[in-house]
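Structural characterization, general
The residues making up each chain are set out below.
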Amino acid sequence: MYLFLCNILFSYVINEMCVWLSVLPEVTSGWQLFHCVKAGSLPFLRAAALFFHYLNSTAPPADLLVAGPGQWEALCSYLNLPSNLLQLHQTHNTLLEPFIHRWCCHPAVRQTLQVGGVIVRFPRESNRLIQLPEDYSVLINQASSFTCPRSGGDKSRAPTLCLVCGSMLCSQSYCCQTEVDGEDVGSCTAHTFTCGAGLGLFLRVRESQVLFVGGKTKGCFYPPPYLDDYGETDQGLKRGNPLHLCSDRYKKIERLWRQHGVAEVIGHAQEANQTLVAIDWQHL
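Let us look at the structure shown here. (Residues numbered from 1 in each chain as written. Predicted model: local features only at pLDDT ≥ 70, side-chain atom pairs only at ≥ 80, totals over all residues. Heavy atoms only, no water.)

As for the overall build of the chain
Per the secondary structure count, the chain includes ten helices and nine strands. The 284 residues of the chain split such that 41% are buried. Looking at the chain alone, contacts between residues at least 24 apart form 60% of all its contacts between residues at least 6 apart. For the chain, the exposed area adds up to about 16200 Å²; of that, 54% sits on carbon and sulfur atoms. (Helix = DSSP H or I, 4+ residues; strand = E, 2+ residues; numbered from the N terminus. Buried < 20%, exposed > 50% of the residue type's maximum accessible area, 1.4 Å probe, protein only. Contact = heavy atoms within 4.5 Å. Areas by Shrake-Rupley, 256 points an atom, 1.4 Å probe, with all protein chains shown as cover.)

Listed below in structure tokens is the structure:
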């Protein structure tokens, strides 16, 4: 934990130094530059302190309960970090220098600094699922115009919307299978490895059904966030009633995703319904 925070803090410090040097060319005093870096690093240290507190329930010192000029030192003490940046570099020189070199040589970092952008912005916004239309017919029209990207303009049989990034995929079809780790998998399963580190949340538009996918072999179906005028779902679109977005249901799905509870939901669903285990999730 200590080395991890040192790495992140020092990369953040280098970022602040580059930004301040490019934006404030009149800064010639090392003390003034250090003051700018301290002020710019405080938001990160506050976030790291909150994470550290909820990780191991360590009570913060009394100095952190009051905003004041000594908050930098109090945060460094709470996180077991040296408040002297030179000491931080000297203590872990062999570890930090290769890390800093790789970070500074990254083309994205150079490009951002050349155009005068800021790499880290605070406050950081929480990740959110995509915004869904209130009327389900909008998604139906969007899916009806979606064509398979590998079949020369043919209509997709099972258009599936990724709730994380908004991509429309051609699911449950051999035409869009992709090889992942030497195994052919469907477009949804392949998409999870590029979009969600192996975990995916999808809406099967023509079935009005939410699909949770965890890896290549696990998954489950989840009630959709769209309800009719009677407050009921219509999975499979068999009744044909107009459907409208239920914000509370969608927030529940988003909360599961934010709190990393999707894998647990998949596990409980497969324990309760053994037929889910027999489904070839990797082909979806």
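Next comes the rest of the description.
A short note on the packing of aromatic side chains
Within the structure shown, the criterion is met by four aromatic pairs. Summarising the aromatic geometry, the rings of Tyr136 and Tyr226 are spaced 4.7 Å apart at their centres and angled 65° between planes, so their arrangement reads as edge-to-face. Taken as a pair, Tyr136 in helix H7 (residues 136-144) and Tyr226 in strand E8 (residues 226-227) lie far apart in primary sequence, 90 residues in all. Pair check on accessibility: Tyr136 and Tyr226 agree, each one buried. For the ring pair Phe221 and Trp281, a centre distance of 5.3 Å and an interplane angle of 50° mean the geometry is tilted. Placement of the pair is Phe221 in strand E7 (residues 218-222) and Trp281 in the segment after helix H10 (262-272), with a sequence separation of 60 residues. Phe221 gets classed as partly exposed once you look at its relative accessible area, which sits at 29%. Using a relative accessible area of 0% as the deciding quantity, one classes Trp281 as buried. (Phe/Tyr/Trp six-rings, centres within 6.5 Å; stacked < 30°, edge-to-face > 60°.)

With respect to the pairing of E7
When strand E6 (residues 209-214) meets E7, the two strands line up antiparallel, connected through five bridges. By the bridge assignment for E7, Val213 is matched with Gly219. Hairpin remark: E6 followed by E7, antiparallel, with three residues in the connecting loop; positive phi at Gly215, about 75°. (Pairing = 2+ DSSP bridges.)

Focus on the nonpolar core
Core analysis: the biggest nonpolar cluster contains 38 residues, and Leu161, Leu163, Leu201, Leu203 and Phe212 have the highest contact counts within it. By size, the runner-up hydrophobic cluster in this structure holds 20 residues, among which are Leu42, Leu64, Cys76 and Leu88. (Core = buried A, V, L, I, M, F, W, Y, C linked by side-chain atoms within 4.5 Å.)

Observations concerning the side chain of His191
Mapping His191 onto the fold places it in helix H8 (residues 187-195). Those residues in contact with His191 that sit more than four places away from it in its chain are Cys162, Cys165, Ser167, Leu169, Gly196 and Phe202.

A short note on the sheet that holds strand E2 (residues 168-170)
The five strands are arranged E2-E1-E5-E6-E7 in an open sheet whose pairing can be described as antiparallel. The open sheet is flanked by E2 and E7, the only strands paired with a single partner. Direction aside, the axes of adjacent strands within the sheet are offset by 30° on average. Helix-sheet contacts for H8 involve strand E1 (159-162), E2, strand E5 (199-204) and E6, and the interaxial angle to E5 is about 135°. H10 rests against E5, E6 and E7 of the sheet, and its axis sits at about 90° to E7. (Axes fitted to C-alpha atoms, helices over the stretch in contact; angles between N-to-C directions.)

Quick word on the environment of Ala62
Looking at the element boundaries, Ala62 is found in the loop between helix H2 (30-56) and helix H3 (71-78). Classification of Ala62 as exposed rests on a relative accessible area of 58%. Measuring from C-alpha to C-alpha, the distance between Ala62 and Ala74 comes to 9.0 Å, with twelve residues separating the pair along the chain.

In short, the description is geometric, and any link to function would need to be established separately.
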